[in-house]
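# Fold and geometry: a report
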Amino acid sequence: MKIVVLMKPVPDTWGPRVLSLETGLADRAASETVLDEIGERALEAALRHAESASDVEVVVLTMAPEAAQSTLRKGLAMGAASAVHVADERLAGADLGRTAEVLAAALRRGGFDLVIAGDASTDGVGGVLVPWLAELLDVPAITRLESLEITADAVRGTRATDGGSMVAQAALPAIVSITEALPDPRFPALRGIMNAKKKPVEQLTLDDLEVEADETASPRSIMTAVAERPPRAAGEIITDEGDAGERIAAFLADRRLA
Amino acid sequence: MTHPILTVLPAAPGGGLPAGAAEVLGAASEIGTPVAVVVGPADALAGLAEQAASLGATTVHTATADGDQLGVPAADAAAAAVALVQPDAVLVPATIEGRDVAGRLAARLRAPLAADIVGVSRDDEGVVVRHSVYGGAYDVDSAATFGPLVATVRLGAIDARAEAATPDVHEFAVEASGRRAAVVEGFEPAPQTSSRPDLRSAKKVVSGGRGLGSKEQFALVEQLADALGAAVGASRAAVDAGYAEQSLQVGQTGTSVSPELYLAVGISGAIQHRAGMQTAKTIIAIDKDASAPIFEVADLGVVGDLFTIVPQLISALEARKG
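Each value, and the rule that gives it
Residues numbered from 1 in each chain as written. Chains lettered and ligands numbered in written order. Predicted model: local features only at pLDDT ≥ 70, side-chain atom pairs only at ≥ 80, totals over all residues. Heavy atoms only, no water. Pairing = 2+ DSSP bridges. Helix = DSSP H or I, 4+ residues; strand = E, 2+ residues; numbered from the N terminus. Axes fitted to C-alpha atoms, helices over the stretch in contact; angles between N-to-C directions. Domains from an automatic or database assignment. Contact = heavy atoms within 4.5 Å. Buried area = accessible area lost by both parts, 1.4 Å probe. Salt bridge = Lys/Arg side-chain N within 4 Å of Asp/Glu carboxyl O. Nonpolar A, V, L, I, M, F, W, Y, C, P; charged D, E, K, R; others polar. Buried < 20%, exposed > 50% of the residue type's maximum accessible area, 1.4 Å probe, protein only. Right-handed = clockwise from strand over helix to strand, strands pointing away. Parallel < 35°, antiparallel > 145°, perpendicular 65-115°, else oblique. Left-handed = near helix turned anticlockwise from the far one by under 90°.

## Remarks on the sheet that holds strand 9 (residues 149-153) of chain B
With mixed pairing, the 10 strands of this open sheet are ordered in space as 13(A)-8(B)-7(B)-6(B)-9(B)-5(B)-1(B)-2(B)-3(B)-10(B). Pairing within the sheet leaves two strands with one partner each, and these edge strands are strand 13 (221-228) of chain A together with strand 10 (169-171) of chain B. Pairs of neighbouring strands in the sheet enclose a mean axial angle of 30 degrees, with direction left out of account. Looking at chain direction, strand 1 (residues 4-10) of chain B and strand 2 (residues 33-40) of chain B are connected through 7 bridges and run parallel.

## Observations concerning unusual backbone geometry
A negative phi angle is the norm for most residues apart from glycine, just as the trans form is the norm for most peptide bonds. Residue and element names in this part refer to chain A. Here the amide bond leading from L172 into P173 is cis, since omega sits at 0 degrees, within 30 degrees of zero. Residue placement: P173 occurs in the loop between strand 10 (164-171) and strand 11 (174-178). Of note, D55 is a non-glycine position whose phi angle comes to about 60 degrees, a positive value. Relative to the helices and strands, D55 resides in the loop between helix 1 (37-52) and strand 4 (57-63).

## What to know about the domain arrangement of chain B
Residue and element names in this part refer to chain B. Taken domain by domain, chain B consists of domain 1 (4-183) and domain 2 (199-321). On a C-alpha basis, the centres of domain 1 and domain 2 stand 32 Å from each other. Facing the 11 residues of domain 1 at the interface are 8 residues of domain 2. Taking both partners together, domain 1 and domain 2 bury about 620 Å²; carbon and sulfur atoms supply 46% of that area. When the buried area of domain 1 at its contact with domain 2 is split by residue, G135, R154 and L155 rank highest and sum to 54% of it. Inspection of the region where domain 1 meets domain 2 yields 1 salt bridge. Looking at side-chain class alone, the side of domain 1 that touches domain 2 contains 4 nonpolar, 4 polar and 3 charged residues.

## Remarks on the pairing of strand 13 (residues 231-234) of chain B
Residue and element names in this part refer to chain B. Side chains A231 and G233 of strand 13 all project onto a buried face; the interleaved residues V232 and A234 project onto the opposite face, where all are buried too. Relative to strand 13, strand 12 (residues 204-208) runs parallel, the two sharing 4 bridges. Residue pairing for strand 13: S207 is matched across the bridge by G233. Handedness of the crossover joining strand 12 and strand 13 through helix 5 (residues 219-228) is recorded here as right-handed.

## As for the packing of helix 3 (residues 72-85) of chain B against helix 4 (residues 96-109) of chain B
Residues and elements named next belong to chain B. Across the interface, helix 3 lies against helix 4 with an axial gap of 9 Å and an inter-helix angle of 50 degrees. Between helix 3 and helix 4, the angle is such that the two are oblique. Seen along the crossing, helix 3 lies across helix 4 with a hand that is right-handed. Taken together, the residues of helix 4 that come into contact with helix 3 (itself represented by V72, A74, A75, D76, A78, A79 and V82) are V101, R104, L105, R108 and L109. Residue classes in the contact of helix 3 with helix 4 are distributed as 9 nonpolar, no polar and 3 charged.

## A short note on the packing of helix 3 (residues 96-110) of chain A against helix 4 (residues 129-137) of chain A
Each pair of packed helices can be summarised by the angle the axes make with each other and by the distance between the axes. Residue and element names in this part refer to chain A. Here helix 3 crosses helix 4 at 55 degrees, and the two axes come no closer than 9 Å. By the criterion of interaxial angle, the relationship of helix 3 to helix 4 is oblique. Remark: the crossing between helix 3 and helix 4 carries right-handed chirality. Of the residues in helix 4, those in contact with L96, G97, T99, A100, E101, L103, A104, L107 and R108 of helix 3 are L129, W132, L133, L136 and L137. Counted by class, the contact of helix 3 with helix 4 contains 10 nonpolar, 2 polar and 2 charged residues.

Here it is in structure tokens:
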């Protein structure tokens, strides 16, 4: 069985994140680029299955600028067997549709039994890529799994949906996304880090993939304006002198908030 | 019909219109004529259609989706409705089921998708949508290069409401696409623990952090929320410590909220938490650590012991209610 885990290098949410006000694109120099944690969780789920079953190959797939390749090494160090990295300058600023087309083409090219991704990235927070890929690949999708049971020919689990939880299952090949309810990703062991250096990373460009060459032939989503919000004005900071509860109540009443 | 805007309203798994239905119809009314496609079990369609009209849908197209196929029937109906209505834009509430339908729909239509929008407008060239990016640090506008735009609308982000319309309901038959779908085996509604407002769209939110110290003491946050008629939220630290359910997590990897009032109790305000709440109109923070970063974004910051301040606040609020 081949499990492909979608991982995304993103600006680290533990630091400031910057958009270029000229291009509207992420200023990658302003933040540290790290693997999105939810993708690491997806990889953890795949690795746990690989450890409990035989003949399971785990591959990580990303579409990201060339410089982001070092982050993929962490996925390999955690235990993935290999990585596929789609890197092409023509993909800078790709919208969701272009991203879905490229990832679908890469998945078709390499083949898969199961694709696992996080439910939403921390930078885009769209949460639409998995259903989008399901359509392009014509495979069943289950989003937001909080538990995951993989067998030789099916995937099953409980998904957190609107107003409750739903149990669903799909025949393989399939694509699923997972939530933070799944176990924390492991820290790569020293041995894993050493081994990762020898693991294969296949680098692909658009020329290797069957995608529409002219990006502008299809309608695309474009940014028309970007502005930085002014920082919040400093407020009043008080130290409790025994009446802070009363003072908050008065503050709320003044502003008609209570 | 001038500038039809199609709103896609798949019935919620537990029944009823999806959360955010009033908001997407309100947004649609700001940029054109609101039209709805309602997809759900046959016996519920008439009621759902009437509700959609009361929220402003001038025309409601209804399609039956019985059975146990996950996601695909709603996408089939939405795609058929787009062919019928020829809208300028398609607005879908960014609920979990809504995001699934929107992703599938954009793939089918080969249409661009704007995710998690917080506002809509129109310029000379058509529909423009607004995003709040990187936890509210940036406002970004986007549009389709041509053709209709599909957008998921962040819950609680749209204040506009459409005027109620006279129900004009059209049932239509959808030809199944035959796309492969997962099979739903069961649905368990989340227990309704209280009459508290939904976190995602609440006007007021009271959130608790690790400073509460235990699950039992987290009840103080709930009592304060009830005294204010607010929703309850929690920091990731409080969720990880088991004080609160994960569905209450506010922050980068939880829910993003933008309420009138955000009251943070015992939350230090790590950058990931601030990313989920710093666009609130008024922020009040109570924490014992004067150097806690939450105070950098607070309109009123109170340094002190939450276990004495919060009970005093609750009694003061109750005294004012009289």
